[in-house]
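Overview (structure and organization)
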Amino acid sequence: MQSLTMTRPDDWHLHVRDGAALSAALPHTARQFARAIIMPNLKPPVTRTAQALEYRQRILQALPAGMAFEPLMTLYLTDNTAPDEIDRAMDSGLIYGVKLYPAGATTNSDAGVTDLRRCYPVLERMAERGMVFQIHGEVTGSDVDPFDREALFIEQILKPLIADVPGLKLVLEHITTRQAVDFVSGAADNVAATITPQHCLLNRGALFSGGLRPHHYCLPVLKREQHREAVLAAATSGSAKFFLGTDSAPHARHDKESDCGCAGCFSAPAALELYATAFESVGALDRLEAFASHHGADFYGLPRNTSQITLLKESWTVPGEFPYAGGSIVPLHAGQQLPWRLQDIQ
Ligand code: DOR
Ligand code: ZN
C-alpha cells in the first residue's frame, strides 16, 4: 500500500496548555485532527463551565488563520464540584466530559479528587444527563508501585464505581495494561478506552535504552512488553470500545531534561504517523480509520467528520525539536524515521 486516504481523525485526549505554550502546541494538532477533547489540568484547573468557555475562546484565538479545528471542552472534577455545574456544562452545548484526576496522580492533579465516593452525587447527575466521565485510572500513594497503579485502580475504584453508578458513560483514558484491555473489553457498551501512540509502540525498556530517556516518561508510565502487545491488540482489534487519544502532553525541553522531569510525551507533531506505524507492524492498517476517525465520535454521540486526509508511504525524519514558549520542545520519536507521512493539505 502506497497511500491511505481516510476520514479526518479526532484526538479524544489532548493537552494544549495555555498562553504561549498553547500557541506553540495547537497548530501541530490542528494540522492532523478535526476535533480534540481538551484536558482541563491547567493552573488553576478548569473546574467551572464559565472557565471552560473562556479557555475555548483562547484556543480558537490561538488557531492560525485558515486552520479549522474544534476544541471539545471538559471540566476538572474536584471534591467540591456541584451537581448543578454538570447542568451548566451540558446546557452550554460545548462541554463534552468531566475529567477525574485522582489527587496527586499526575501533572496539576493537586486539586483532584481525594475520595471518589464524595463525588457520587455529581456522577449520578452526569449519568442522568449523559455527560462522559474521563478517567485517569491510577491509584495514588507513595507506597504503591507505579507499575501497578492502573491495575489496582480497576479493582479498587473502577469496579465499585460501575456497580454504584451503572448508567455512567465512561472512558478509561490512556490505557497501558492487559488488565485494562480485559476489563474494558468485558464491560458494557457505556465503557470505552483511549489509547496513546507511545503505549502502542514502546514498552518500559524505552525508558532506559542506552541511558535515561526523559522524553519517553509519561503517566501512566510505559509497561512491560506483554502489556504493550495487549494494548496494541486492543487498538487494532476493530472493537468500537477503543479509540485514538494521543495524550500529547507538551513540556519544555528543560522541564523534561531535569533532575525531576515532568511526565508527558509530546506526540502531536507526528501522532497519526506514529499510530500508522504501530498498526502496520501488526498488519492492521485497514483498521486505522475506524480507530482514529469513527469509534470516538460514535461513543461521544457526535457526527463523524466528512473531510478526508491522506497518509503517504514516504519515509521522513521527525524533527529533533520545535520552538516552544520561549524555549524548545522535543517531540516523541525526535530524530527518528517514520515510514508514513501525512500529506499536507493545500
Ligand atoms: O504524562 C502525562 N502528562 N500524564 C498525564 O496524566 C498528564 C500529562 C500532562 O498534563 O503533562
Ligand atoms: Zn492526559
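Residues numbered from 1 in each chain as written. Chains lettered and ligands numbered in written order. Predicted model: local features only at pLDDT ≥ 70, side-chain atom pairs only at ≥ 80, totals over all residues. Heavy atoms only, no water.

Right, let's get into the site of ligand 1. In the neighbourhood of ligand 1, 13 residues make up the surrounding shell, with R17, N41, L219, H251 and A263 lying closest. Between ligand 1 and the protein, one listed contact pairs an oxygen atom with a side-chain N or O atom of R17 at 2.8 Å. A distance of 3.2 Å is found between an oxygen atom of ligand 1 and a side-chain nitrogen or oxygen belonging to H136. Isolated, ligand 1 exposes 290 Å² of accessible area, and the fraction of that covered by the protein chains is 100%. Residue classes in the shell around ligand 1 are distributed as four nonpolar, seven polar and two charged. (Near = heavy atom within 4 Å. Polar contact = N/O pair within 3.5 Å; in protein donor to acceptor, adjacent residues only side chain to side chain. Areas by Shrake-Rupley, 256 points an atom, 1.4 Å probe, with all protein chains shown as cover. Nonpolar A, V, L, I, M, F, W, Y, C, P; charged D, E, K, R; others polar.)

Next up on the list: the pattern of salt bridges. Taken as a whole and assessed by the stated rule, the structure comprises 19 salt bridges. Across the pair R253 and E257 runs a salt bridge whose closest N-O atoms are separated by 3.0 Å. For E257, a relative accessible area of 40% puts it in the partly exposed group. Among the charged side chains, a network of salt bridges with common partners joins D84, D87, D91, R125 and R129. (Salt bridge = Lys/Arg side-chain N within 4 Å of Asp/Glu carboxyl O. Buried < 20%, exposed > 50% of the residue type's maximum accessible area, 1.4 Å probe, protein only.)

This part covers helix α1 (residues 19–30). In this model, α1 (12 residues) spans 17 Å end to end at C-alpha, consistent with the 16 Å of a helix rising 1.5 Å per residue. When we look at burial in α1, the residues that qualify are A21, L22, A24, A25, L26, H28, T29 and A30. Where the residues of α1 are buried, they touch β2 (11–14), α2 (49–62) and β11 (322–324). (Helix = DSSP H or I, 4+ residues; strand = E, 2+ residues; numbered from the N terminus. Expected span 1.5 Å × (residues − 1). Contact = heavy atoms within 4.5 Å.)

Here we come to the coordination of the zinc ion (ligand 2). Looking at the zinc ion (ligand 2), one finds its protein donor set to be H13 (NE2), H15 (NE2) and D247 (OD), positioned 2.0 to 2.1 Å from the metal centre. Sequence positions of the residues that donate to the zinc ion (ligand 2) give the spacing H-x1-H-x231-D. For the pair shown, H13 and H15 are each scored as buried. (Donors = N, O, S within 2.8 Å, 3.2 Å for Na, K, Ca; no water.)

Our focus in this paragraph is helix α11 (residues 288–300). Here α11 spans 18 Å end to end across 13 residues, near enough to the 18 Å set by a 1.5 Å rise per residue. For α11, the tally of buried residues reaches 10 of 13 residues, placing the bulk of the element in the interior. Burial in α11 covers these residues: L288, F291, A292, S293, H294, H295, G296, A297, F299 and Y300.

All right, on to unusual backbone geometry then. A cis amide bond, omega -5°, links K43 with the succeeding residue P44. Considering the arrangement of structural elements, one finds P44 in the loop between β3 (35–38) and α2. Its identity is not glycine, yet R17 carries a phi of approximately 60°, on the positive side. Within the fold, R17 resides in the loop between β2 and α1. At H333, a position not held by glycine, the phi torsion is positive, near 75°.

Everything listed here is a matter of coordinates, which is why it stays silent on function.
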